[in-house]
Amino acid sequence: MTAAQAKVLIGMARAAHQLESSLPAANVPAPEATTPAWIAGTMFIVRALQNEKNTLTSEAASDASTSICVSNVLTHAGISLEDFVRVLPAVVARMGPHLPPPPFQAQRERHETSSSSPTPGRPPGSGQGVEPVEQRLGLLQLQATYEYASMLGSKFQALVSGHLDLADGDTACEEGPDRQFAVCRLGWGLFVAAKSVLLPGSPDLAQQYQLLLAVLHLLLRWAPTTAFRRGDT
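Fair warning: this is a prediction, and the values are worked out from it, not measured in the lab. Within each chain, residues carry numbers counting from 1 in the order of the written sequence. Reporting in this predicted model follows two pLDDT cut-offs: at least 70 for local features of residues, and 80 or more for side-chain atom pairs to be given and counted; totals over whole chains, interfaces and linings ignore these cut-offs and use all residues. In computing side-chain values, all of the structure's heavy atoms are included and hydrogens and water are not.

S.K.: Explain the overall build of the protein to me, please; I cannot follow it from the model alone.
M.R.: Across its full length, the protein holds 10 helices and 0 strands. Helix and strand assignments follow DSSP, with helices taken as H or I runs no shorter than four residues and strands as E runs no shorter than two, numbered in order from the N terminus. Helices and strands appear in the protein in the N-to-C order α-α-α-α-α-α-α-α-α-α. Each residue gets one of three labels from its accessible area relative to the maximum for its type: buried under 20%, exposed over 50%, partly exposed in between, using a 1.4 Å probe on protein chains only. When the 233 residues of the protein are sorted by exposure, 35% land in the buried category. We call two residues in contact whenever any of their non-hydrogen atoms come within 4.5 Å of each other. Pairs at least 24 apart in sequence give 67% of the contacts found in the protein among residues at least 6 apart. The Shrake-Rupley method, run with a 1.4 Å probe, gives the accessible areas here. Residue values count only the displayed protein chains as cover. Only carbon and sulfur atoms are counted for the fraction: they give 57% of the accessible area of the protein, which is about 13600 Å².

As structure tokens, then:
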């Protein structure tokens, strides 16, 4: 993480605290709102709002906040992706109704208010056609990405364990010093790097699985013969 990113994260954390402080506290106990996962969720919303503004004003290329990804937020908060995904829907549900409207909606409503000819069939400021807050903040996409990654990660572990016998008495890819885990981590890192280049955006599960098989083939191609299970060479 660069110094510029660290500075932006600190600013986002302050903005997240201000956003939380501005909301009514009746629906959420104070201890819950101060947990690292909840703070990270609020920072995620701040990041989404900042990116939304930058996109509208064409400042994305020059604003350092656009280089902040979810992993940076999790590292700053010191929590896991699993904990983050679990608490994020509650954060969005609490803050969604109190968020400012999207910039394009605000501009449109100001135009309709000052215009003598509002859009037929829709009163000014009715908000029709505005996307749900979960979609606006990228929550649905993040949840789908997490679900895909969980399924693919489990499948990759099973495939590696099925072909290679590298663990010290344990074929599961569990965290630890064993070689099985090291191979799983190496392969998964290759998959993530390849996906960011070959499958940018939001690829479907089938495309990602095909790429995962290609990475597995590469690992098996360079694995020593002694590493294979009997009958699998």
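S.K.: Explanation requested: the nonpolar core in the structure shown.
M.R.: Judged by nonpolar contacts, the single largest core of 31 residues is most densely connected at Met12, Ile45, Phe84, Met95 and Leu137. When residues of this core are traced back to their parent elements, those giving at least two are α1 (3-21), α3 (36-57), α4 (70-77), α5 (81-95) and α8 (139-163). In terms of residue count, α3 provides more of this core than any other element does, 9 residues in total. Setting aside residues no more than four positions away along its own chain, Met12 makes contact with Met43, Val46, Arg47, Gln50, Ile68 and Val73. For the purposes of this section, nonpolar cores are sets of buried Ala, Val, Leu, Ile, Met, Phe, Trp, Tyr and Cys residues that join through side-chain atoms within 4.5 Å.

S.K.: I'm lost on the environment of Gln18 in this one. Help?
M.R.: Its location among the elements puts Gln18 in helix α1. Measuring from C-alpha to C-alpha, the distance between Gln18 and Thr42 comes to 9.9 Å, with 24 residues separating the pair along the chain.

S.K.: Explain the packing of α8 against helix α10 (residues 205-222) to me, please; I cannot follow it from the model alone.
M.R.: The description of two packed helices rests on the angle between their axes and on the distance between the axes. Here the axes come from fitting lines to C-alpha atoms, over the contacting stretch only for helices, and the angles between their N-to-C directions go from 0 to 180 degrees. Here α8 crosses α10 at 30 degrees, and the two axes come no closer than 11 Å. As the angle between them shows, α8 and α10 are arranged roughly parallel. The two elements α8 and α10 meet at a crossing, and its hand is right-handed. Facing Tyr148, Met151, Leu152, Lys155, Phe156, Leu159, Val160 and His163 of α8, the residues of α10 in contact are Leu205, Gln208, Tyr209, Leu212, Leu213, Leu216, Leu219 and Leu220. Per-class residue counts for the contact of α8 with α10 are 13 nonpolar, 2 polar and 1 charged. An angle below 35 degrees is read as roughly parallel, one above 145 as roughly antiparallel, one from 65 to 115 as roughly perpendicular, and any other as oblique. Each crossing is labelled by how the near helix is turned from the far one, with a counterclockwise turn of less than a right angle marking it left-handed and a clockwise turn marking it right-handed. Under this grouping Gly is polar, as are all residues other than the nonpolar Ala, Val, Leu, Ile, Met, Phe, Trp, Tyr, Cys and Pro and the charged Asp, Glu, Lys and Arg.

S.K.: Mind showing me how you'd approach the packing of aromatic side chains here?
M.R.: Each aromatic ring pair is summarised here by two numbers: the centre-to-centre distance and the angle between the ring planes. Each Phe, Tyr or Trp ring (for Trp, its six-membered ring) is paired with any other whose centre lies within 6.5 Å, and the angle between the two planes then decides the class: stacked below 30 degrees, edge-to-face above 60, tilted in between. Tallied over the full model, the rule gives 2 aromatic pairs. Note on Phe44 and Phe84: the rings are 5.8 Å apart at their centroids and 70 degrees apart in plane angle, and the pair reads as edge-to-face. Highlighted residues: Phe44 in helix α3 and Phe84 in helix α5, separated in sequence by 40 residues. Like Phe44, the residue Phe84 is buried in the burial classification. The rule is short: NZ of Lys or CZ of Arg within 6 Å of the ring centre and within 35 degrees of the ring normal puts a charge over the ring. Taking the ring centre of Trp222 as reference, the NZ or CZ of Arg221 above it sits at 5.6 Å.

S.K.: Teacher, can you tell me more about the environment of Leu212 here?
M.R.: Considering the arrangement of structural elements, one finds Leu212 in helix α10. In sequence terms Leu212 and Gly153 are 59 residues apart; their C-alpha atoms lie 9.3 Å from each other. Excluding its chain neighbours within four sequence positions, the residues that come into contact with Leu212 are Leu152, Phe156, Trp188 and Phe191.

S.K.: Help me understand the confidence of the model for the protein in this model?
M.R.: Segments scoring low in pLDDT should not have their predicted coordinates read at a detailed level. With 70% of its residues at a pLDDT of at least 70, the protein reaches an overall mean of 75. Element-level pLDDT for the protein is lowest in helix α6 (residues 103-114), with a mean of 54, against a maximum mean of 92 in α10. Taken as a whole, residues 118-130 scores under 50 in pLDDT and shows 17 contacts with residues more than four places along the chain or in a different chain. The pLDDT value expresses, per residue, how confident the predictor is, ranging between 0 and 100. Confidence drops under pLDDT 50 across residues 169-177; counting only partners more than four residues distant or on other chains, this segment forms 16 contacts.

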